[in-house]
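Geometric and topological summary
Each chain, letter by letter, is given below.
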Amino acid sequence: MPTPILHKESLIPGKTSKLVLHAPHIAQKAHPGHFVMLRMTPTGERIPLTIADTDAANGTITIVYLVLGKSTALLETLKEGDAIPDVCGPLGHPTHIEKKGTVICVGGGTGIAAMHHIAKGHSRAGNRVVGIIGARSKDLLLFEKELSSFADELLISTDDGSYGHKGLVTDLLRDRLEKDKTVFEVVAVGPVPMMAAVADTTRPFGVKTTVSLNPIMVDGIGMCGACRVSVGGKTKFACVDGPEFDGHEVDFPELRRRLSAYRDQERTSFDSYNGCAHGN
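Residues numbered from 1 in each chain as written. Predicted model: local features only at pLDDT ≥ 70, side-chain atom pairs only at ≥ 80, totals over all residues. Heavy atoms only, no water.

Under an unreviewed UniProt entry, the name given to the chain is Sulfide/dihydroorotate dehydrogenase-like FAD/NAD-binding protein, and the organism recorded is Desulfovibrio porci.

Written out as C-alpha cells, the structure reads:
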C-alpha cells in the first residue's frame, strides 16, 4: 500500500529533509532503534532509513534523509500529499532501554534524528539523558529544538566554532566521562568515522557503547547478506542482528571499505539521473 506524506520540511535546503508519513501499522509497533525500508519506484532499489520519531495515536512515523544518491534524490521530489509506493517496517531489533541512570546520546549528521528517537526512549524510561550533537557548522545542525525539549542536558560542537564548542563531539564526550562516573552507557548514531571515534573515546573508560550501523542493505530481512558486518570476530547481518551493536566489537575499517565498494556505480547512477532530470 502506498504511504502518504502528511508533512515535509526542509531541514537543510537541497540536502536534508524530514517527512511525516501516515503509517499506522508501523507506528503502532515501532520502537526506538527500528528502521524502515523504502522504495520510490516499482523497479527502484530499496533503501533503509532509521525512524526518527513515532506518534502511535495519530498513526505517523517521522524519517529524515540526506540527498546523497539517486534514490534519495527521487524521494526529495515528492511533496506533501504524494505517497511513497513501498514502506516496509518496523525492521531490526529495537534499542534495549531500561532505567539505570545516566546515558549519553551522541549524534552527527542525519544520525542526530535517529539518535533523537533513542534518547527520547531513554528519557521516557526515567534515565538522565545527556545529548551531544555535532556538525561542521551551525547551519548544518539538526534536531536541537526537539532534543532540548526532553534532554536533561544538551552539548553542541561545530568544527568551525560557529556554535557551541569548537571541535569534535568526542572532545565533549571525553570531558564528560572524565567528570561523570555515573554514565552507564553511551549511544552513538552518525557517520562511521564519528561512531568509530566515539568507541575509541569510551574504551579506556570501560563504558558500554552502542552504535547503530548503516551498511548497504538490499532487502532488509536477512536474505541477501549485503549488510554483513564483523562484530567481535563474527559475521552479523545488520538488518536482522542489529542495526545496533557493541561499538567496541565492530570492525569499523571493514565497514568503511564495504560502504565504499559501489561508490563509482552509485556516482554514475546519480549523475545519469541528474542529467536526465535536467534534460541533458
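From this point, the narrative continues.
This brings us to the pattern of salt bridges. Across all of its chains, the model carries ten salt bridges by this definition. Each of Arg128, Glu153 and Arg176 takes part in one network of salt bridges that share partners. (Salt bridge = Lys/Arg side-chain N within 4 Å of Asp/Glu carboxyl O.)

We now examine the packing of aromatic side chains. As enumerated under the stated definition, the model contains zero aromatic pairs in all. Between Lys138 and the ring centre of Tyr163, over which it is positioned, the NZ or CZ distance is 4.7 Å. (Phe/Tyr/Trp six-rings, centres within 6.5 Å; stacked < 30°, edge-to-face > 60°. Lys NZ or Arg CZ within 6 Å of the ring centre and 35° of its normal.)

In terms of domain boundaries, the chain breaks down into domain 1 (3-91) and domain 2 (102-212). Taking the mean C-alpha position of each, domain 1 and domain 2 sit 24 Å from one another. Each side of the interface is counted separately: domain 1 has 16 residues, and domain 2 has 14 residues. Taken over both partners, the interface formed by domain 1 and domain 2 buries close to 1,100 Å², and the fraction arising from carbon and sulfur atoms is 67%. Among the residues domain 1 hides against domain 2, the three largest losses belong to Ile12, Pro32 and Ala52. Together they make up 36% of the total. Seen at the junction of domain 1 and domain 2, the total is one salt bridge. Linking Asp53 and Lys120 is a salt bridge whose minimum nitrogen-to-oxygen distance equals 2.9 Å. Across the contact surface, domain 1 and domain 2 share three residue pairs in polar contact (both at pLDDT 80 or more). (Domains from an automatic or database assignment. Contact = heavy atoms within 4.5 Å. Buried area = accessible area lost by both parts, 1.4 Å probe. Polar contact = N/O pair within 3.5 Å; in protein donor to acceptor, adjacent residues only side chain to side chain.)

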